[in-house]
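What follows is the residue order along each chain.
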Amino acid sequence: MRNKIKWSRALDTGITYLLLMAVAFVFFFPCLWLILASFSKSGTIYSFQGFFPQEYSFASFQKLFMDTTMYNYPKWFLNTLFVAVGSCLLGTFLTILTAYTMSRFQFKMRKPIMKTTMVLGMFPSFMGMIAVYLLMTQFNLINHLWGLILIYAAGAPMGYLTQKGFFDTIPKAIDEAARIDGATNFQVFTKINLPLSKPIIVYTALTSFTWPWSDFILPKLLLKEKNLYTVAVGLMSLDETEFARFAAGSVFIAIPIVILYFFLVKYMVNGMAAGAVKG
């Protein structure tokens, strides 16, 4: 009887691992194909034999950074970095303030605001693109990278619920004890709650960084000049014969975000887990 149970568990474990390996391969194969395509010597997808290039070289990466007459990838990369860092700093600041206010303070419109943001969060963001475009034209922010930063940062506090859940896990008795000792609300926030909130701050900063880093729709809508393109928009403007350059640019733009995830993943997990305890 025990042997049958052991064999049953071993079979179940084996099938589970086979299924996980199959799913991992399905997700890994496109990444592998894109990486190999970036080293294509011919530079065009039409020369591929089956799925993979016939010859390989580093010419695509050299062309990506050296040949900037028509496609200025280094400029696009710097534009993307500027927008992502600016959105990250401003968006994290606004999101943390919003979450802390909703968690720690009681006021008349608190519940209606929370319900409204939850309802609005159900609608996809691209539904408001026409309104966003009209607003940006009125404020003369078309073809300005700062316009992108303001939109990303303004939309970031809409996703404050995870951060609010994290602040809810910090006992309010700590705040009350600090106020008894004479601390102001600002001191309670900066000297007590913020030092305890490192995981959720890192999580918020990383998510605020990754959204503008890879977004295509909003930069395409607001940026008309080629030298202001972000990487996502710039790569989509490449000619179809420049597929290897497109693949090389896609691989390179993924490297910084992958490195960030590897270094900060433990803070992300802690922040998401703690923020999901309470709503």
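Residues numbered from 1 in each chain as written. Predicted model: local features only at pLDDT ≥ 70, side-chain atom pairs only at ≥ 80, totals over all residues. Heavy atoms only, no water.

Draft legend 1. Molecular detail of the overall build of the chain. A tally of regular secondary structure across the chain gives 13 helices and zero strands. Starting at the N terminus, the α and β elements of the chain follow one another as α-α-α-α-α-α-α-α-α-α-α-α-α. For the chain, the C-alpha radius of gyration of 24 Å lies well beyond 19 Å, the compact-globule estimate for 279 residues. When the backbone C-alpha atoms are referred to their principal axes, the chain occupies close to 75 × 75 × 30 Å. Looking at the 279 residues of the chain, the share that counts as buried comes to 37%. Expressed as a percentage of contacts within the chain between residues at least 6 apart in sequence, the contacts between residues at least 24 apart total 75%. As presented, the chain carries roughly 17,000 Å² of accessible surface, and 71% of it is formed by carbon and sulfur atoms. Each charge sign in the chain was given a centre, from 23 positive and 12 negative side chains, and these centres are 12 Å apart. (Helix = DSSP H or I, 4+ residues; strand = E, 2+ residues; numbered from the N terminus. Rg over C-alpha atoms; globule rule 2.2 N^0.38 Å. Buried < 20%, exposed > 50% of the residue type's maximum accessible area, 1.4 Å probe, protein only. Contact = heavy atoms within 4.5 Å. Areas by Shrake-Rupley, 256 points an atom, 1.4 Å probe, with all protein chains shown as cover. Lys, Arg positive; Asp, Glu negative; His and termini not counted. Charge placed at Lys NZ, Arg CZ, Asp CG, Glu CD.)

Draft legend 2. Main features of the packing of helix α3 (residues 73-104) against helix α6 (residues 145-155). One way to put it is that α3 packs onto α6 with a least axis distance of 8 Å and a crossing angle of 35 degrees. Relative to α6, the crossing made by α3 is right-handed. Contacts between α3 and α6 involve N79, F82, V83, G86, S87, L90, G91 and L94 from the former and L145, W146, L148, I149, L150, Y152 and A153 from the latter. Of the residues in the contact of α3 with α6, the class split is 11 nonpolar, four polar and no charged. (Axes fitted to C-alpha atoms, helices over the stretch in contact; angles between N-to-C directions. Left-handed = near helix turned anticlockwise from the far one by under 90°. Nonpolar A, V, L, I, M, F, W, Y, C, P; charged D, E, K, R; others polar.)

Draft legend 3. Examining the environment of N143 more closely. Mapped onto the elements, N143 comes out in the loop between α5 (129-138) and α6. Note: C-alpha distance between N143 and L222 (79 residues apart in sequence) is 6.0 Å. Among all residues touching N143, those that are not within four sequence positions of it are L222, L223, K224, E225 and L228. At 2.5 Å, the side chain of N143 and the backbone nitrogen of K224 are in polar contact. (Polar contact = N/O pair within 3.5 Å; in protein donor to acceptor, adjacent residues only side chain to side chain.)

Draft legend 4. Geometry of the pattern of salt bridges. Summed over the entire model, instances satisfying the criterion amount to five salt bridges. Note that D67 is salt-bridged to R245, the shortest N-O span being 3.2 Å. Taken together, the residues D67 in the loop between α2 (59-66) and α3 and R245 in helix α13 (residues 243-275) connect sequence positions 178 residues apart. For R245, a relative accessible area of 4% translates into the label buried. The residue R245 makes a salt bridge to E242 at a minimum N-O spacing of 3.5 Å. Exposure class is identical for R245 and E242. Each is buried. Connected via shared salt-bridge partners are K63, D67, E242 and R245. (Salt bridge = Lys/Arg side-chain N within 4 Å of Asp/Glu carboxyl O.)

Draft legend 5. Local environment of α6. By the burial criterion, the buried members of α6 are L145, G147, L148, I149, I151, Y152 and A153. Buried residues belonging to α6 abut α3, α5, α10 (198-214) and α11 (217-222).

Draft legend 6. How the structure looks around the packing of aromatic side chains. Enumeration over the complete set of coordinates arrives at 18 aromatic pairs. On the numbers, 5.6 Å between centres and 85 degrees between planes, the contact of F77 with W213 is edge-to-face. Here W213 lies in helix α10 and F77 lies in helix α3, a separation of 136 residues in the sequence. Neither residue differs from the other here; F77 and W213 are each classed as buried. Through successive ring pairs, a cluster of aromatic residues spans F65, Y73, F77, F209, W213 and F252. (Phe/Tyr/Trp six-rings, centres within 6.5 Å; stacked < 30°, edge-to-face > 60°.)

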